[in-house]
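# What the coordinates show
Spelled out, the chains give:
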Amino acid sequence: MFKRLLILAAILSLASFGCFPSNNKELITAFVNVNLVPMTSDAVLQDQTVLVKGGRIEAVGPADEVRVPRKATIIDGKSAWLMPGLADMHMHTQYDWIGPAWPVNPLKLYLASGVTTVRCFGPLESAPEHVLKWRDEIREGKLPGPTIYSSGPILFGPVPDPEGAVRGQKAQGYDFVKIYSYVTEQEFREVMSAAKEEGIYTAGHIPFLVGLDGVLSEGMDDIAHIEELDFEFLDLKPDMAMSRFAIFRGLVGQAASKYSSDLDLGANMLEEKYGEAIREVVSKLISKDIPICTTLTVSEGIVNKLSDPKAFIARPEIKYMPDAYLKTFRLGQEKHQVLLKGYEALGPFKYNMEIILAKELKRAGITLLLGTDSGTGGMGIVPGFSIHDELRILSEVGFTPYEAIRTGTTNAAKVVGKMTEEGDFGTIEAGKRADLILVRGDPLRDVANIREPLGVMAAGRWYPEEKLKGMIAINK
Ligand SMILES: [Zn+2]
């Protein structure tokens, strides 16, 4: 019996990895006659050929100028558009992704949605080193998935030994340090000074006791959410003596009573009332060139899950969330259901404020990074699928498709370049990492055209549509 199980396991592992495309250095793929969206400018180039060798783009040019080697695998790009793969610049990996908890391993959900790069803002739960293992295995072609960058375990605060924590994460090979809301001023200064000495990138929340001015003067590299800026113009006082959850719950209560007369106001009225204060906060960021992750899908999700939980749980992609999440949600015990219980009207108020912030950040030319906070299994944000919601929201806010796509391509590459010197992706040019999405419609007309790609290439490995669909099929 045991032997039979072993054989079965061997067959199953072959079935999942047997036809996993390699990125053999000699392997050549040619996309021919394609409408090219290189993202080097707001233009589509018609009738182009893109040659990929191993994991890199080797040549790009008009179809009649680029010679296609005879042994190349040809992908016909006629009446299709080829654009760079997308990055989810704020997400979290979790050790239980591989195993029974998730119907489909999220690494595959990202690929199927055209997400070819992810940046983990803190691996969750026990055994955080899983993310380093996956990062390396994906790089070596042993595991299918997007290119991963990751911080070490989140420095929530209190941080008893800031210097030791930073040095430890750097030594373990993490790409950056993630700082959270509860870190004290003293701890923050020590984390920042150790990070500068070690040459490791820093990103995170704006700690309550530090504030935006402190974050900017100490030179934190990157802000985790647009939402973080809410605390700069709303008058709220965290009670740091309470537990982590109670601090946030306390802030929710304060906001609900302090701003009760504003909760019915629409976005326009709120803009009239708070626009000036918001612009003042945004103006502090202009000279600092500090990038901010968008994660608006979290705030939109809060509105939707509290106002119409049935619709929230009926979204087709919700089937990819762990059963444990769905069960908790139906019991009304999900993170945001509990955090905002009794204060549900705060959801739209908060969302509208972040929409105003996003508009002002765009106007000020701040580097925004496409991010969705997916992957935790705790907030109903479906890995991969959420990137398309985030792009839709940015479009609704007034970003052109080109501007919205830049947040997950060229902006992402710029920041990863600063973080790791590996910023060679995000556009379709010779020498760049071969991260590509082939789509049916012009993405520069409508970002919705990026949903359900015809195929995705991640670091030179090609996954046609049928393969992607097979990878994320749920066999229940
Ligand atoms: Zn997060």
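Residues numbered from 1 in each chain as written. Predicted model: local features only at pLDDT ≥ 70, side-chain atom pairs only at ≥ 80, totals over all residues. Heavy atoms only, no water.

## Things to note about the overall build of the protein chain
- Looking only at helices and strands, the protein chain features 18 helices and 16 strands.
- In terms of overall dimensions, the protein chain is globule-like: its C-alpha atoms have a radius of gyration of 22 Å, near the 23 Å expected for 476 residues.
- Seen along its three principal axes, the alpha-carbon backbone of the protein chain occupies a region of about 70 × 60 × 50 Å.
- Here the protein chain holds 476 residues, and 56% of them are scored as buried.
- Within the protein chain, contacts between residues at least 6 apart in sequence are counted, and of these 74% link residues at least 24 apart.
- A total accessible area of about 20,100 Å² is found for the protein chain, and carbon and sulfur atoms account for 53% of it.
- The average position of the 53 basic charges and that of the 62 acidic charges among the side chains of the protein chain differ by 6 Å. (Helix = DSSP H or I, 4+ residues; strand = E, 2+ residues; numbered from the N terminus. Rg over C-alpha atoms; globule rule 2.2 N^0.38 Å. Buried < 20%, exposed > 50% of the residue type's maximum accessible area, 1.4 Å probe, protein only. Contact = heavy atoms within 4.5 Å. Areas by Shrake-Rupley, 256 points an atom, 1.4 Å probe, with all protein chains shown as cover. Lys, Arg positive; Asp, Glu negative; His and termini not counted. Charge placed at Lys NZ, Arg CZ, Asp CG, Glu CD.)

## Quick notes on the domain arrangement of the protein chain
- Split into domains, the protein chain comes out as domain 1 (2-84 + 428-471) and domain 2 (86-151 + 224-420).
- For domain 1 and domain 2, the distance between their C-alpha centroids amounts to 28 Å.
- Listed per partner, the contact involves 26 residues of domain 1 and 30 residues of domain 2.
- Note on domain 1 versus domain 2: buried area summed over both sides is about 2,300 Å², and carbon and sulfur give 67% of it.
- Looking at the side of domain 1 facing domain 2, the largest losses of area belong to Met 39, Val 447 and Met 471, adding up to 27% of the total buried there.
- Counting the contacts that link domain 1 with domain 2 gives one salt bridge. (Domains from an automatic or database assignment. Buried area = accessible area lost by both parts, 1.4 Å probe. Salt bridge = Lys/Arg side-chain N within 4 Å of Asp/Glu carboxyl O.)

## Some remarks on the packing of aromatic side chains
- Going through the model one piece at a time under the given rule, you end up with 17 aromatic pairs.
- An angle of 70° between the planes, with centres 6.5 Å apart, marks the rings of Trp 97 and Trp 102 as edge-to-face.
- Trp 97 gets classed as buried once you look at its relative accessible area, which sits at 1%.
- An aromatic cluster is built from Phe 156, Tyr 180, Tyr 182, Phe 208, Phe 231 and Phe 248, whose rings are joined through pairwise contacts.
- In this structure, Arg 119 is placed above the aromatic ring of Phe 176, and the distance from its NZ or CZ to the ring centre is 5.3 Å.
- Just above the ring of Phe 425 sits the side chain of Arg 433; from NZ or CZ to the centre is 4.5 Å. (Phe/Tyr/Trp six-rings, centres within 6.5 Å; stacked < 30°, edge-to-face > 60°. Lys NZ or Arg CZ within 6 Å of the ring centre and 35° of its normal.)

## What about the sheet that holds strand S8 (residues 147-150)?
- An order of S6-S7-S8 is seen for the three strands of this open sheet, with the pairing classed as parallel. Where the open sheet ends on each side, the last strands, each with one partner, are strand S6 (86-91) and S8. Sheet twist, expressed as the mean angle between neighbouring strand axes with direction ignored, is 15°.
- Bridging between S6 and strand S7 (residues 115-120) involves four bridges; their strand directions are parallel. Considered in S7, the bridge of Leu 86 is made with Val 115.
- Contacts from helix H15 (residues 385-397) reach S6 and S7, with the element oriented near 95° to S6.
- Lying on the sheet, helix H17 (residues 410-420) is in contact with S6, S7 and S8; it crosses S6 at an angle near 60°. (Pairing = 2+ DSSP bridges. Axes fitted to C-alpha atoms, helices over the stretch in contact; angles between N-to-C directions.)

## Details of the coordination of the zinc ion
- Within the protein, His 90 (NE2), His 92 (NE2) and Asp 373 (OD) serve as the donor atoms for the zinc ion, at 2.1 to 2.2 Å.
- We note that the donor set of the zinc ion lies within a single chain, spaced as H-x1-H-x280-D. On the criterion of sequence distance, the pair formed by His 90 in strand S6 and Asp 373 in the loop between strand S13 (368-369) and H15 is long-range, its members being 283 residues apart. In this structure, His 90 and Asp 373 share a single accessibility class: buried. (Donors = N, O, S within 2.8 Å, 3.2 Å for Na, K, Ca; no water.)

## With respect to the confidence of the model for the protein chain
- Per-residue confidence for the protein chain gives a mean pLDDT of 94; residues scoring 70 or more make up 95%.
- Between residues 1-19, whose pLDDT stays under 50, and residues either more than four places distant or in other chains, the model counts six contacts. (pLDDT = per-residue confidence, 0-100.)

## Focus: the pairing of strand S14 (residues 436-439)
- Here S14 shows a buried face lined by Leu 436 and Leu 438 and a second buried face lined by Ile 437 and Val 439.
- As defined by bridge partners, strand S5 (residues 81-84) adjoins S14 across four bridges and the pair is classed as antiparallel. By the bridge assignment for S14, Trp 81 is matched with Val 439.
- Across three bridges, the pairing between S14 and strand S15 (residues 455-458) is antiparallel. Looking across to S15, one finds that Leu 438 is bridged to Gly 455.

## So, the environment of Tyr 274
- Here Tyr 274 shows up in helix H9 (residues 267-286).
- Spatially, the C-alpha atoms of Tyr 274 and Phe 233 are 8.3 Å apart, while their sequence positions differ by 41 residues.
- With residues up to four places along the chain from it excluded, the contact list for Tyr 274 reads Tyr 259, Asp 262 and Met 353.
- Within the structure, Tyr 274 has its side chain in polar contact with the side chain of Asp 262 (distance 2.3 Å). (Polar contact = N/O pair within 3.5 Å; in protein donor to acceptor, adjacent residues only side chain to side chain.)

## Some thoughts on helix H3 (residues 130-139)
- Buried within H3 we find His 130, Val 131, Leu 132, Trp 134, Arg 135 and Ile 138.
- Of the residues trailing H3, Gly 141 is marked for its positive phi of about 80°.

## Some remarks on the nonpolar core
- Leu 86, Leu 229, Leu 285, Ile 292, Met 353, Leu 361 and Ile 450 are the most contacted members of the largest nonpolar core, which totals 116 residues.
- Ranked by the residues each element gives to this core, the list is headed by helix H14 (residues 346-363), at nine residues.
- Here this core spans two domains, since at least three of its residues come from each of domain 1 (2-84 + 428-471) and domain 2 (86-151 + 224-420).
- Excluding residues that lie within four positions of it along the chain, Leu 361 makes contacts with Ile 226, Leu 229, Val 282, Leu 285, Ile 292, Ile 366 and Leu 368. (Core = buried A, V, L, I, M, F, W, Y, C linked by side-chain atoms within 4.5 Å.)

## Some words on the side chain of Asn 105
- Residue placement: Asn 105 occurs in the loop between S6 and helix H2 (106-112).
- In contact with Asn 105, not counting residues within four places along its chain, are Trp 97 and Ile 98.

## Overview of the pairing of strand S3 (residues 56-62)
- Alignment of strand S2 (residues 45-53) against S3, held across six bridges, turns out to be antiparallel. Bridging across to S3, Val 50 finds its partner in Val 60.
- Connecting S2 to the antiparallel partner S3 that follows it, the hairpin turn spans two residues, and Gly 54 within it adopts a positive phi of roughly 60°.

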